[in-house]
Amino acid sequence: MYVGTLSFDLLLGDVHSLKEKRSVVRPIVAELQRKYAVSAAEVDHMDLHRRAIIGLAMVSGDAAHLTDVLDRCERLVAGRPEVELLSVRRRFHGDDD
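Residues numbered from 1 in each chain as written. Predicted model: local features only at pLDDT ≥ 70, side-chain atom pairs only at ≥ 80, totals over all residues. Heavy atoms only, no water.

- The name given to the protein chain in an unreviewed UniProt entry is DUF503 domain-containing protein, with Streptomyces cellostaticus as the source organism.

Okay, structure coming up:
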């Protein structure tokens, strides 16, 4: 069994309220969940208008499949024009851990 996690540190564009922030972050989280069957949520900077941390996790029996899905998730978030991806933190846990 392999577990992979990603943590995206995002800078949001022209956002002036927490309501506007939700309208940017929620669709990203929903698309990650829908397209890639991962668990995803906003996990930090809840009270800041222009910053967000999105965390996601996935479990797989195949390390190559897990790496492929995490790569696709990272490309999806990096390609969103309404956010700037400041950093990505990736963790990978396998049977050897």
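Let's pick the thread back up.
**As for the pairing of strand β2 (residues 39-44)**
Then, in step 1: Taken together, the five bridges between β2 and strand β3 (residues 51-60) define a ladder with antiparallel strand orientation. Bridge assignment links Ala41 to a residue of β3, and that residue is Gly55.
Then, in step 2: Hairpin connection, β2 to β3: the antiparallel pair is bridged by six residues, and His45 has positive phi, about 60°. (Pairing = 2+ DSSP bridges. Helix = DSSP H or I, 4+ residues; strand = E, 2+ residues; numbered from the N terminus.)

**A few points about the pattern of salt bridges**
Then, in step 1: All told, the structure shown has eight salt bridges when counted by the stated rule.
Then, in step 2: Note that Arg51 and Asp9 form a salt bridge whose closest N and O atoms lie 2.7 Å from each other. Of this pair, Arg51 sits in strand β3 while Asp9 is found in strand β1 (residues 2-12), placing the two residues 42 residues apart along the sequence.
Then, in step 3: By relative accessible area, Asp9 is classed as buried at 14%.
Then, in step 4: Across the pair Lys35 and Glu31 runs a salt bridge whose closest N-O atoms are separated by 3.5 Å. Here Lys35 pairs with Glu31, and both are found in helix α1 (residues 18-36), just four residues apart, close to one helical turn.
Then, in step 5: Connected via shared salt-bridge partners are Glu31, Lys35, Arg80 and Glu82. (Salt bridge = Lys/Arg side-chain N within 4 Å of Asp/Glu carboxyl O. Buried < 20%, exposed > 50% of the residue type's maximum accessible area, 1.4 Å probe, protein only.)

**A word on the pairing of β1**
Then, in step 1: Two strands pair when backbone bridges link them, and β1 and β3 are joined in this way by 10 bridges, in the antiparallel orientation. What sits directly across from Phe8, in β3, is Ile54.
Then, in step 2: Across 10 bridges, the pairing between β1 and strand β4 (residues 83-93) is antiparallel. Pairing of Val3 across the sheet is with His93, part of β4.

**Looking at the side chain of Lys21**
Then, in step 1: Relative to the helices and strands, Lys21 is located in helix α1.
Then, in step 2: Separated by 2.8 Å, the side chain of Lys21 and the backbone oxygen of Arg51 make a polar contact.
Then, in step 3: Setting aside residues no more than four positions away along its own chain, Lys21 makes contact with Leu12, Val15, Glu42, His45, Met46, Leu48, His49, Arg51 and Ala52. (Polar contact = N/O pair within 3.5 Å; in protein donor to acceptor, adjacent residues only side chain to side chain. Contact = heavy atoms within 4.5 Å.)

**What about the sheet that holds β3?**
Then, in step 1: Strand order across the open sheet formed by four strands is β2-β3-β1-β4, with antiparallel pairing between neighbours. Sheet topology places β2 and β4 at the edges, where each strand pairs with a single neighbour. Direction aside, the axes of adjacent strands within the sheet are offset by 20° on average. (Axes fitted to C-alpha atoms, helices over the stretch in contact; angles between N-to-C directions.)

**Description of α1**
Then, in step 1: A rise of 1.5 Å per residue sets the reference length of α1, with its 19 residues, at 27 Å; its end C-alpha atoms lie 27 Å apart and thus fit the reference within 8%.
Then, in step 2: Along α1, the residues that are buried comprise Lys21, Val24, Val25, Ile28, Val29, Glu31, Leu32 and Tyr36.
Then, in step 3: Looking at the buried residues of α1, the elements they touch are β1, β2, β3, α2 (63-78) and β4.
Then, in step 4: After α1 finishes, the residue Ala37 shows a positive phi value of roughly 50°. (Expected span 1.5 Å × (residues − 1).)

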